Amino acid sequence: MMHCYLCSAPLRQQLTWKLLFTSMPEPVVCEKCLRKFERVQDSEQKYEDVFALYHYNEAMHDYLHQFKFGQDVVLAEVFRSDIATYLKNSSTSIVPIPMHPLKKKERTFAQVDELLRAASIPYTHCLEKKTTQNQATKSKMEREQSEQFFSLTEDCQIEHIDYLLVDDIVTTGTTLKHAVALLREAGARTVTSFALIQG
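The structure contained in this document is the topic of the report that follows. Each chain carries its own residue numbering, running from 1 in the direction its sequence is written. Only residues with pLDDT of 70 or above have their local features reported here, since the model is predicted, and side-chain atom pairs are shown and tallied only from 80 upward, although totals for entire chains, interfaces and linings are computed over all residues. Here the side-chain values reflect all heavy atoms present in the structure, with hydrogen atoms and water set aside.

Side note on the nonpolar core
As a reminder of what qualifies: Working definition of a nonpolar core: buried Ala, Val, Leu, Ile, Met, Phe, Trp, Tyr and Cys residues. They are joined through side-chain atoms within 4.5 Å. Burial here depends on accessible area, computed with a 1.4 Å probe over protein chains only, as a share of the maximum for the residue type. Under 20% is buried, over 50% is exposed, and the range in between is partly exposed. Each helix corresponds to a stretch of at least 4 residues labelled H or I by DSSP, and each strand to a stretch of at least 2 residues labelled E; elements are numbered beginning at the N terminus.
Among the nonpolar cores identified, the biggest contains 34 residues, and Tyr63, Phe79, Ile83, Leu87 and Leu196 are the most heavily contacted of them. Of all the elements, helix H3 (residues 58-69) adds the most residues to this core, at five residues. Residues Ile97, Phe150, Cys156 and Val170 belong to the second largest nonpolar core, which totals 21 residues.

Shown next as structure tokens:
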């Protein structure tokens, strides 16, 4: 028997016609844990051209901390169905927000890549992060005046097509703004963004 990834309670999987005849992955979290996460309603989206799925509450704080800093990579599967539902039919070229190489070495994996991989969403790396600074610790003025965080990867050719940036959490919007600006300057037709969590 499977157990909930978050509280270890037994998962009593109910066999439904939907599970039998679709490729929907089986849930890895119990209903009690899922109810602790708060969905973002359309009227609650805080940032222009950024679609976020969940609010940053206590349950999400605990999840993110365990996933990112506890190096619990299997937790990428917790929201795979939600991410797949939103992104699977996207006609855009999907670009994950990258980690700085030093941060990636420290954490052992890139969390956005793992979220997309768990949801079976293809993606292309076009960006490299140039700074290790945490934007949440800066003042609004410091964030607005900061230099471009990203550069284009050597092997990435930006085409005149639609791109969708993906990040795990949007807190100030500054990181995504830098990535959007770089892709637009390089020739992208449109750039929108998706985040699992809205801070």
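Examining the sheet that holds strand S6 (residues 190-198)
As a reminder, the rule being used: By the convention used here, strands pair only if DSSP detects at least 2 bridges between them. Every angle, taken between N-to-C directions, lies between 0 and 180 degrees, and every axis is a line fitted to C-alpha atoms, over only the stretch in contact when it is a helix. Contact criterion: two residues are considered in contact whenever any of their non-hydrogen atoms come within 4.5 Å of each other.
If you walk across this open sheet you meet the four strands as S1-S6-S5-S2, and the pairing is parallel. Every interior strand has two partners, whereas the edge strands, strand S1 (50-55) and strand S2 (93-96), have only one. Here the strands of the sheet are splayed against their neighbours by 20° on average, with no regard to which way each runs. In terms of strand pairing, S2 meets strand S5 (residues 162-170) through four bridges, oriented parallel. Within S5, the position partnered with Ser93 by the bridge is Tyr163. Those strands touched by helix H8 (residues 174-185) are S1, S5 and S6, and its axis lies near 165° from that of S5.

Quick word on the state of the cysteines
Selection criterion: Criterion for a disulfide: a pair of cysteine sulfur atoms within 2.5 Å.
All chains considered together, the criterion is met by one disulfide. With a sulfur-sulfur separation of 2.3 Å, Cys126 is cross-linked through a disulfide to Cys156. Between Cys126 and Cys156, the disulfide has an S-S torsion of 55° and is therefore right-handed. Remark: Cys156 occurs in the loop between strand S4 (150-152) and S5 and Cys126 occurs in the loop between helix H6 (111-118) and strand S3 (127-129); sequence separation between them is 30 residues.

Description of the packing of H3 against H6
Stated formally: In what follows, roughly perpendicular refers to angles from 65 to 115 degrees, roughly parallel to angles under 35, roughly antiparallel to angles over 145, and oblique to any angle outside these ranges. In the scheme used here, Gly and all other residues not listed as nonpolar or charged are polar, with Ala, Val, Leu, Ile, Met, Phe, Trp, Tyr, Cys and Pro taken as nonpolar and Asp, Glu, Lys and Arg as charged.
Here H3 crosses H6 at 105°, and the two axes come no closer than 10 Å. On the basis of the axis angle, H3 is roughly perpendicular to H6. Contacts between H3 and H6 involve Tyr63, Phe67 and Lys68 from the first element and Gln111, Glu114 and Leu115 from the second. Looking at the contact of H3 with H6 residue by residue, the classes come out as three nonpolar, one polar and two charged.

Observations concerning the environment of Leu53
Its place among the elements puts Leu53 in strand S1. Leu53 sits in the buried class, given a relative accessible area of 3%. Here the alpha-carbon distance between Leu53 and Tyr86, two residues 33 residues apart in the chain, equals 9.1 Å. Not counting the four nearest positions on each side in its chain, Leu53 is found in contact with Glu38, Arg39, Val40, Asp82, Ile83, Phe194, Ala195 and Leu196.

Here we look at the environment of Ile97
Turning to its location among the elements, Ile97 is positioned in the loop between S2 and helix H5 (101-107). With 78 residues separating them along the chain, Ile97 and Thr175 place their C-alpha atoms 8.5 Å apart. Every residue in contact with Ile97, bar those within four places of it in the chain, is listed here: Val112, Leu127, Phe150, Leu165, Val166, Asp167, Thr175, Leu176 and Ala179.

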